[in-house]
Every structure is written in C-alpha cells, then in structure tokens.
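# Observations on the model geometry
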Amino acid sequence: TARHGVARETPLSQGLTVALHIDGVTLVVCSRRLQALAVEQLEIAGVDFARIRTVVVKSRGHYQASFCEFFDRGQMHDIAGTGWTSEDLTIWPYRRIKLPLYPYFGDPDWSSAAPFDFARAAPDLR
C-alpha cells in the first residue's frame, strides 16, 4: 500500500517481484505491468532508499509525489526516451499519419485554402 502520491492508501499489485543485483546495480523486476507509482514497489524487493544514491524509473511522472519522501524535486529529472515515456513528439518516426498533426508540425494555418505541404513540413517522413 502506497504511503504518498497519486496511489496513496491504495494497495498496489505488481505480481511476483524480484531484485536482481548485477555489477553493483540493483534492478527490480515485477511480473505485472504497473507504473512506478510508489517507493513501496521497490521497498518490497528490498531496496533501502537510505543507502542508495540513484534511482531510475521508467514512468511518466506519477512517481514524483511518492519519491519526494527521499528526493527533492530538483533531484528528479525526466528524460525523453522511446516507449510510452516521452511527450516530445519530434522523436517518434511517424508513418501514415493524417496531416497536419498539431503540435508535431507546429501551429498550422487552418485558414489557408492551400493544400498542406507534407514534403516541406516533414521531409524525413516522406
């Protein structure tokens, strides 16, 4: 059950959970897909937040309220990567999309009668 954050007082079921210790790095793996919502998800696998310096979670930001128990907001950094974690639409190799797609190509001029110039807007996606 989470102590803080968006999942406060909510039982979290992530299935079988194990901590793998590989070359000085502890990797926590669970059998059910669940966002990193609470520090308890790592503590249940034996992670001691008082003894570690760095935690990396793959999550969109839901972790922050719970992790504030151990880290200041200035110590938490969101990094755009592949997967479901990034809001930076420019990193995705879009294919077969209807254009214009806001905000990917900026703010389109909807008043223009001219057809959308796909080659000019996204030459790498032709």
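Residues numbered from 1 in each chain as written. Predicted model: local features only at pLDDT ≥ 70, side-chain atom pairs only at ≥ 80, totals over all residues. Heavy atoms only, no water.

## Let's talk about the environment of Lys58
Here Lys58 is to be found in the loop between helix 1 (40-43) and helix 2 (64-67). Lys58 gets classed as exposed once you look at its relative accessible area, which sits at 60%. Residues Lys58 and Asp78, 20 residues apart in the sequence, show an inter-C-alpha distance of 9.4 Å. (Helix = DSSP H or I, 4+ residues; strand = E, 2+ residues; numbered from the N terminus. Buried < 20%, exposed > 50% of the residue type's maximum accessible area, 1.4 Å probe, protein only.)

## So, the pattern of salt bridges
In this structure the tally under the stated criterion is four salt bridges. With a shortest N-O distance of 3.1 Å, Arg3 and Glu40 are connected by a salt bridge. In this pair, Arg3 is assigned in the segment before strand 1 (17-22) and Glu40 in helix 1, connecting sequence segments 37 residues apart. The exposure class assigned to Arg3 is partly exposed, which follows from its relative accessible area of 35%. Between Glu43 and Arg3 there is a salt bridge whose closest N-O contact spans 3.1 Å. Here Glu43, found in helix 1, pairs with Arg3, found in the segment before strand 1; they are 40 residues apart in sequence, far enough to count as distant. What makes Glu43 partly exposed here is its relative accessible area of 27%. Linked by salt bridges that have partners in common, Arg3, Glu40, Glu43 and Glu69 make up one network. (Salt bridge = Lys/Arg side-chain N within 4 Å of Asp/Glu carboxyl O.)

## Looking at the packing of aromatic side chains
With the rule as written, the count across this model stands at four aromatic pairs. Seen in terms of ring centroids, Phe49 and Phe70 are 4.6 Å apart; in terms of plane orientation they differ by 20 degrees. Their pairing is stacked. Of the two residues, Phe49 sits in the loop between helix 1 and helix 2 while Phe70 sits in the loop between helix 2 and helix 3 (118-121), which places them 21 residues apart along the sequence. Ring geometry for Phe49 and Phe71: centres 6.3 Å apart, planes at 75 degrees, overall edge-to-face. Highlighted residues: Phe49 in the loop between helix 1 and helix 2 and Phe71 in the loop between helix 2 and helix 3, separated in sequence by 22 residues. (Phe/Tyr/Trp six-rings, centres within 6.5 Å; stacked < 30°, edge-to-face > 60°.)

## With respect to the confidence of the model for the protein
Chain-level pLDDT for the protein is 79 on average; 67% of the residues reach the 70-or-more range. Mean pLDDT values for the elements of the protein range from 62 in helix 3 up to 94 in strand 1. (pLDDT = per-residue confidence, 0-100.)

## Things to note about unusual backbone geometry
Positioned with a positive phi, Glu9 is a non-glycine residue whose angle comes to about 65 degrees. By the secondary structure assignment, Glu9 is in the segment before strand 1. Look at Glu9 and you get exposed, because its relative accessible area is 59%. The phi dihedral of Asp23 falls on the positive side, at around 50 degrees, and the residue is not glycine. Tracing the sequence through the fold places Asp23 in the loop between strand 1 and strand 2 (25-30).

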